[in-house]
Each structure stands twice: as structure tokens, then as C-alpha cells.
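# Topology and contacts: notes
This is what each chain is made of:
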Amino acid sequence: MRVLVTGAAGFIGSTTAELLLSRGHEVLALDNLSTGRIENIPAGASFVEGDCGNEALVSNSAPLMPACILRVVLNRRSQ
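What you are looking at is a predicted structure, and each value in this text was computed from that prediction instead of being measured.

Our focus in this paragraph is the confidence of the model for the protein. In this model, the protein carries a mean pLDDT of 84, and residues with pLDDT of at least 70 account for 75%. At the level of individual helices and strands, the protein shows its lowest average pLDDT in strand 4 (residues 68-71), which scores 64, and its highest in helix 1 (residues 11-22), which scores 94.

On to unusual backbone geometry. Here the phi dihedral of L33 falls at roughly 60°; this positive angle occurs in a residue that is not glycine. Take L33: it is sitting in the loop between strand 2 (26-31) and strand 3 (46-49). Under the relative-accessibility criterion, L33 is labelled partly exposed at 25%.

Here strand 2 lies mainly inside the structure; five of its six residues are buried. One ladder, built from five bridges, connects strand 1 (residues 2-6) with strand 2; its direction is parallel. For V5, the partnering residue across the bridge sits in strand 2 and is A29. In the classification by handedness, the crossover that spans strand 1, the intervening helix 1 and the parallel strand 2 is right-handed. Bridge analysis of strand 2 against strand 3 gives four bridges, and the strand direction is parallel.

Tallied over the entire structure, the rule returns two salt bridges. Its salt-bridge partner being E26, residue R2 comes within 3.4 Å of it at the nearest N-O pair. With R2 in strand 1 and E26 in strand 2, the pair connects residues that are 24 residues apart, well separated along the chain. Take R2: its relative accessible area is 29%, and that puts it in the partly exposed class. Residue classification places E26 among the partly exposed residues on the basis of a relative accessible area of 44%. Here R37 makes a salt bridge to E39, at a shortest N to O gap of 2.8 Å. Residue classification places R37 among the partly exposed positions, given a relative accessible area of 48%.

Calculation criteria
- Residues numbered from 1 in each chain as written.
- Predicted model: local features only at pLDDT ≥ 70, side-chain atom pairs only at ≥ 80, totals over all residues.
- Heavy atoms only, no water.
- pLDDT = per-residue confidence, 0-100.
- Helix = DSSP H or I, 4+ residues; strand = E, 2+ residues; numbered from the N terminus.
- Buried < 20%, exposed > 50% of the residue type's maximum accessible area, 1.4 Å probe, protein only.
- Pairing = 2+ DSSP bridges.
- Right-handed = clockwise from strand over helix to strand, strands pointing away.
- Salt bridge = Lys/Arg side-chain N within 4 Å of Asp/Glu carboxyl O.

Spelled out as C-alpha cells, the structure:
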């Protein structure tokens, strides 16, 4: 199954992407790299740099649309 993982350059997103790849799924990794690191994107995943709120990016990615979307978000609170 083709799966889109947003936040895929962060710890949780990259770990999720790795698990999906190990189970034979095709992974499209999306991240704006604001807090994640590109080296966290697992080998074998297709990477798109951008924000899932960017309508143009989403529209242009229509041929890549997955069967499943996993949105991984970590909100940090200011202390």
C-alpha cells in the first residue's frame, strides 16, 4: 500500500516510515524540515520537502496520492 507520512523527518515520523517500509509498504515522506532533519528520512522512502498545508504542493502531488495518510505532529509548548 502507498502511505503518505507527514512529519517524516522527525523522530516519530521517521520511525513510522521505517516500520512501514520494513513491512513492504511504499512510503511517501513529506516534511517541511522546520524541526526534522533530512538524514532521518529512511532509505527507500520517496521524499517531498514541503508543508501539507500548501495547496499547490498537494495539487501537484496528485499522481503520487497514497491509499493511506499518517499525519505525525508534535506540538511543543513554550515554557
